[in-house]
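Chain residues, written in single-letter form:
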Amino acid sequence: AYHLDGIHMLRLMSWTYSVLRLAGLIWHPYSNNLKHNNDQECGIYTVIKTKVPVTVQEYGDRYHLTGPWNRFSAHVEVEEIEPESPAIEAAIRTITEQGIQVLYGRWLIDGAPRVVLFDIGSAAYKLDEWKGDLWRVAGIPSPPHDIETNDAIILGYLNAWLLDEVAKNDTEHAIIAQFHEWQAGIGAVLCNKRKLDVATIFTTHATLLGRYLCAGNVDFYNNLRHFNVDEEAGKRGIYHRYCIERAATHCVDVFTTVSNITAYEAEFLLKRKPDGVLPNGLNVVKFSATHEFQNLHQVAKERINHFVRGHFYGHYNFDMEKTLYFFTAGRYEYRNKGIDMYIESLARLNSRLKACNSPVTVVAFIIAPAKVNSFTVETLKGQALIKQLEGSVEDVSARIGKRIFEMAARGHEPQAEDLLTEQDRILLKRRVFALKRDSLPPIVTHNMVDDHEDPVLGQLRAVRLFNNDDDRVKVVFHPEFLNANNPVMGLDYEEFIRGTHLGVFPSWYEPWGYTPAECTVMGVPSVTTNLSGFGCFMEDNIVNPEDYGIYIVDRRLKSADESMDQLAGFMFDFCQKTRRQRINQRNRTERLSDILDWKRMGIEYMKARQCALRRCYPDAFDDADFSGENEAEDHHGKLSRPQSIPGTPRMGDDLATYDLAALSISSELPGIKDQDEDNDLRPPILLKMKSPL
Ligand code: UDP
Ligand code: G6P
């Protein structure tokens, strides 16, 4: 039987559209990476999903995504419809005639794009034939038991088949196919080998090898040019996957990635300099008045306060008004996501806050899914006790209210001692007794499968962050992503972010990093690093990111110890801020959201598509001599410092100095040592294009 576990319905996708007199399909298959089994909670999913509205706005019904048909979720995520385009309808008919099941419909998300979903299992009878073909035409091996690769091969062949059929049926429109990640790479390879009439783009959101190398103990950035890539991929058992990624890179008209740092990495690990950078955007929801998002912070914070009171019951000796919430969140890549650095810096922060007798308490959350069984009894008990207390206090208050009213109505002045009856007193005493406990508040909310081997728990023990009463930094490790139905926290991720004060993402390997970007658009300051795509993007575009609540830890030139000190310093300084200063800072952070909006970021995607068309069909353009040489302007426009520090600057003033050209790839990666002149990334052709369409 063919095994389909772990493949999400829209995990591999593509789209179609037409453009100018050339029109067509964009194929946009994607997948995720290492050790992750829930596609909906990783960056690539956010890219694909949030990019839909701007793309649909541009191409309407001509924009399609493709992917495997996951029957468990398709019925709630996709509305089946008939294809309107005769070319697509005929193509799907030809494929289904061969016994392959295809679902055509609208993906029920913002923008409602069209999707073509293939039942991978129904095409499994072709697997051996296609594997043999892949070896013959591209020299790509495929070992027998790698299910993910087998699925990627089937999907790649189905995508290429569909593209071929559509291209044959519709000779009037051009087709642009964009393939995301190695799992979608085979479609790109086949377009090239079969010389399909399709303009192609391949986008890596990370490199396979980069992610593996960084997760190990390797001085990655300083050795990039020296790695023997085939050997390293072979040692890690990913040679065949690496071959797919590298072949796709070299088979397309336009090769792109998501940040300068990953462009630099891709050049050495995949041996092709990316043609441009397509940074990730978000759909920014702007409130008409800025106080609205500030109010949301207060409301969400109250809910976190509620959780914290329950979690720390019996040891709740700190002042909520002087408590700050820090958090890190993401897939559990302990080293790549910088969770190691976060914990060590929290320990240093704890010492510093204690040493200066700070009245501030920091509750630091770690949200990273690990193997768990369930919530711990202690965690559930804490929430239950605090709920009980709350209920009892409400009842007693209501009774007191009644008594006061009765007394006053009868003309008696109520006395304090008359208000609480003996019964109420006993009830409250019982509740207070229940809140006593001998043990310390737990550092983890769930029963972990690998409690003794877990690196986060191990490090928390090593640095002795045990939630002692005198600790100024308390920790809560929540080894599961958040959702509103969760009985303990009951907040979805977005609400949680809003209620916090600082997101901390000291990543070591982070091609983009949505988590700090999401904080930014919600007006929550965050810490990132100069090894993350987002951090570099902010550094490139803002004169002093710190003024806007974007703290960038230097993990390039500093030693690990120095970086941890720097991070502890950022957090310590943040703890010194007054409420007024925090409110001002949040206002400034939120104003950055415009530069992260797909309305701007999407322009880079347009450029990439335009470039692919021009390279694929040079004769169709009047200015066929497309070197771009004369079109470039050397923009170094950066977002200036806020006019008033710490006051709130006027909306729009600063953004006026921001220049769109600065969105593109920068010419160098300062700070990475050992860089020959001929190897730095010159501004690519994309940067030099005028805004297309
Ligand atoms: N995320 C989520 N729920 C959580 C924590 C994180 O949905 O409880 C999402 C978050 O919104 C973000 C993604 O996970 O979009 C992580 O993306 P990022 O680019 O930071 O990391 P990647 O997974 O690409 O390495
Ligand atoms: C928002 C609310 C204010 C509240 C403040 C708390 O700005 O509009 O009413 O006082 O948040 O900020 P803090 O940083 O202390 O959580």
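Quick caveat: nothing in here was measured; it's all calculated off a predicted structure. (Residues numbered from 1 in each chain as written. Chains lettered and ligands numbered in written order. Predicted model: local features only at pLDDT ≥ 70, side-chain atom pairs only at ≥ 80, totals over all residues. Heavy atoms only, no water.)

## Comments concerning the pairing of strand β9 (residues 254-257)
Residues Val 254 and Thr 256 line one face of β9 and the alternating positions Phe 255 and Thr 257 line the opposite face, and both faces are buried. Alignment of strand β8 (residues 199-204) against β9, held across 4 bridges, turns out to be parallel. Counterpart to Ile 201 in the pairing with β9 is Val 254. Summarising the sheet, β9 and strand β10 (residues 276-277) pair through 2 bridges and their orientation is parallel. Along β10, the bridge assignment pairs Thr 256 with Gly 276. Once the chain exits β9 it traverses helix α11 (residues 260-269) before rejoining the sheet at β10, and the crossover so formed is right-handed. (Buried < 20%, exposed > 50% of the residue type's maximum accessible area, 1.4 Å probe, protein only. Helix = DSSP H or I, 4+ residues; strand = E, 2+ residues; numbered from the N terminus. Pairing = 2+ DSSP bridges. Right-handed = clockwise from strand over helix to strand, strands pointing away.)

## Section: the site of ligand 1
Taken together, 15 residues sit near ligand 1, with Thr 46, Arg 331, Lys 337, Tyr 514 and Glu 518 positioned nearest. Here an oxygen atom of ligand 1 and a side-chain polar atom of Lys 337 are 2.7 Å apart. Between an oxygen atom of ligand 1 and a side-chain N or O atom of Glu 518, the distance comes to 2.7 Å. The fraction of the free accessible surface of ligand 1 (550 Å²) that becomes covered by protein chains is 90%. Elements that contribute at least two residues to the shell around ligand 1 include exactly α1 (43-59) and α19 (514-521). Ranked by residues supplied to the shell around ligand 1, first place goes to α19 with 3 residues. A per-class count over the shell around ligand 1 returns 6 nonpolar, 4 polar and 5 charged. (Near = heavy atom within 4 Å. Polar contact = N/O pair within 3.5 Å; in protein donor to acceptor, adjacent residues only side chain to side chain. Areas by Shrake-Rupley, 256 points an atom, 1.4 Å probe, with all protein chains shown as cover. Nonpolar A, V, L, I, M, F, W, Y, C, P; charged D, E, K, R; others polar.)

## Some remarks on the sheet that holds strand β3 (residues 64-68)
Read from one edge of the open sheet, 4 strands run β3-β6-β5-β4, paired in mixed fashion. Two strands close off the open sheet at either side, each with one partner strand: β3 and β4 (78-80). On average, each strand axis in the sheet is tilted by 40 degrees relative to the strand beside it, whichever way the strands run. Bridging between strand β5 (residues 102-107) and strand β6 (residues 114-118) involves 5 bridges; their strand directions are antiparallel. Bridge pairing links Tyr 104 to Val 116 in β6. Here helix α5 (residues 147-169) sits on the sheet in contact with β3 and β6, set at roughly 130 degrees to β6. (Axes fitted to C-alpha atoms, helices over the stretch in contact; angles between N-to-C directions. Contact = heavy atoms within 4.5 Å.)

## Some points on the pattern of salt bridges
Taken as a whole and judged by the stated rule, the model has 34 salt bridges. Residues Arg 236 and Glu 232 are paired through a salt bridge, measuring 2.7 Å at the closest nitrogen-oxygen approach. Taking relative accessible area as the criterion, Arg 236 reaches 28% and is therefore assigned partly exposed. Residue Lys 607 pairs with Glu 604 through a salt bridge whose shortest N-O separation is 3.2 Å. In this pair, Lys 607 and Glu 604 both sit in helix α24 (residues 598-616), 3 residues apart, roughly one turn of the helix. A relative accessible area of 8% places Lys 607 in the buried class. (Salt bridge = Lys/Arg side-chain N within 4 Å of Asp/Glu carboxyl O.)

## Focus: the nonpolar core
Among the nonpolar cores identified, the biggest contains 74 residues, and Leu 158 and Phe 220 are the most heavily contacted of them. Considering each element in turn, this core owes the most residues, 12 residues, to α5. Not counting residues within four places of it along the chain, the set of residues in contact with Phe 220 comprises Gly 210, Leu 213, Cys 214, Phe 227, Glu 265, Leu 269, Trp 508 and Tyr 509. Listed in part, the 61 residues of the second largest apolar core include Phe 318, Ile 542, Tyr 548 and Ile 552. (Core = buried A, V, L, I, M, F, W, Y, C linked by side-chain atoms within 4.5 Å.)

## A closer look at the site of ligand 2
All residues in the neighbourhood of ligand 2 are listed as Gln 294, Asn 295, His 297, Gln 298, Lys 301, His 501, Arg 579, Arg 582, Ile 583 and Arg 586. Taking Gln 294, its side chain carries an N or O atom lying 2.7 Å from an oxygen atom of ligand 2. Contacts to ligand 2 include Arg 579, whose side-chain N or O atom sits 2.7 Å from an oxygen atom. Protein contacts shield 82% of the accessible area of ligand 2, which totals 390 Å² for the unbound molecule. Where the shell around ligand 2 is concerned, the elements lending two or more residues are α12 (290-311) and α22 (579-591). The greatest single-element share of the shell around ligand 2, amounting to 5 residues, is contributed by α12. Class assignment for the residues of the shell around ligand 2 results in 1 nonpolar, 5 polar and 4 charged.

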